[in-house]
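Here are the chains, one letter per residue:
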Amino acid sequence: MNDLNDRFSDFFYSAVRLNTEINYKTINELLESKAITSYRELADQDKLKSLAEEENGLSEETTVRIKKLIDSYPQIKGIADGYIKIAETNGIGVVSCEDEEYPYNWKVQTGMPKVFYYRGKYDILDKMTLGGSVAVVGARDPSKYAVYATEKFCSEFGNKGIT
């Protein structure tokens, strides 16, 4: 789906978001100020250093967070490498908003994840996107009618290609 550098950058992004103070607001400031052109640049240690050293109009809060990321870079890289090993061991794939495979309807909505992970057949996501999808929420102790109706509805959805 994406090359090895992009793949590492995607895992690094996840490690940054989960283990540092870099948040959505910080990333948006970096992107809007054109300090970076892609969230993937967070994995570029030289780029981070230049951001911390240059006068680029970033808020003090963002600059401090970038400096903390530089200090913790080896740990974050280790975490990202660990994520990659887990993904490889468990057959987990990664798709980024910068990848061609990223679902179109997610590209046109706000608040969608920049990176997501999947396991199994990725192409089913396209079927869900194009053909529709539905979620069925059950009960611990369903009535006979609830079981019948669920089977009937799910069968009809499946016959119509709805996942």
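Just so you know, these numbers come straight off a predicted model, no measurement behind them. (Residues numbered from 1 in each chain as written. Predicted model: local features only at pLDDT ≥ 70, side-chain atom pairs only at ≥ 80, totals over all residues. Heavy atoms only, no water.)

Enquirer: In this structure, what is going on with the overall build of the chain? I would like to understand it.
Expert: The helix and strand tally for the chain stands at eight helices and two strands. Its helices and strands in sequence order give the chain the pattern α-α-α-α-α-β-α-β-α-α, from N to C terminus. Taking 15 Å as the expected radius of gyration for a compact globule of 163 residues, we find that the chain reaches 21 Å, considerably beyond that expectation. Taking the principal axes of the C-alpha coordinates as reference, the chain spans close to 65 × 35 × 30 Å. Counting the 163 residues in the chain, one finds 33% classified as buried. A separation threshold of at least 6 residues defines the contact pool for the chain, and within that pool the share at least 24 residues apart is 65%. A total accessible area of about 10600 Å² is found for the chain, and carbon and sulfur atoms account for 52% of it. (Helix = DSSP H or I, 4+ residues; strand = E, 2+ residues; numbered from the N terminus. Rg over C-alpha atoms; globule rule 2.2 N^0.38 Å. Buried < 20%, exposed > 50% of the residue type's maximum accessible area, 1.4 Å probe, protein only. Contact = heavy atoms within 4.5 Å. Areas by Shrake-Rupley, 256 points an atom, 1.4 Å probe, with all protein chains shown as cover.)

Enquirer: Looking at this model, I keep getting lost on unusual backbone geometry. Mind explaining?
Expert: A negative phi holds for most residues other than glycine; trans holds for most peptide bonds. Although it is not a glycine, K34 sits at a positive phi angle of roughly 65°. Mapped onto the elements of the fold, K34 is located in the loop between α2 (24-32) and α3 (45-53). Under the relative-accessibility criterion, K34 is labelled exposed at 68%.

Enquirer: Before we go on, may I ask you to explain the pattern of salt bridges in this structure?
Expert: Taken as a whole and assessed by the stated rule, the structure comprises ten salt bridges. For D6, the salt bridge is made with R40, and the minimal N-O distance between the two is 3.2 Å. On the criterion of sequence distance, the pair formed by D6 in helix α1 (residues 4-19) and R40 in the loop between α2 and α3 is long-range, its members being 34 residues apart. A residue is classified by how much of its surface remains accessible, and D6, at 24% relative accessible area, is partly exposed. Look at R40 and you get buried, because its relative accessible area is 9%. E21 is paired through a salt bridge with K68; the nearest N and O atoms lie 3.4 Å apart. Highlighted residues: E21 in the loop between α1 and α2 and K68 in helix α4 (residues 60-71), separated in sequence by 47 residues. (Salt bridge = Lys/Arg side-chain N within 4 Å of Asp/Glu carboxyl O.)

Enquirer: How should I be thinking about α3 in this particular structure?
Expert: Every α-helix carries 3.6 residues per turn, so stepping three or four residues along brings you back to the same face. Among the residues of α3, those classed as buried are L48, L51 and A52. All buried residues of α3 project into a common sector of 95° when viewed along the axis, lining one side. In α3, those exposed residues whose orientation departs by more than 90 degrees from the buried face are D46 and E53. Those residues of α3 that are buried lie in contact with α2, α4 and α5 (73-90). Between the side-chain oxygen at the start of α3 and the backbone nitrogen of D46 there is a gap of 3.1 Å, and the oxygen is on D44. (Arc of directions from axis to C-beta. Polar contact = N/O pair within 3.5 Å; in protein donor to acceptor, adjacent residues only side chain to side chain.)

Enquirer: Even after reading the chapter, I still don't get the environment of V64, so can you show me in this structure?
Expert: Here V64 shows up in helix α4. For the pair V64 and R17, spaced 47 residues apart in sequence, the C-alpha to C-alpha distance is 15 Å.

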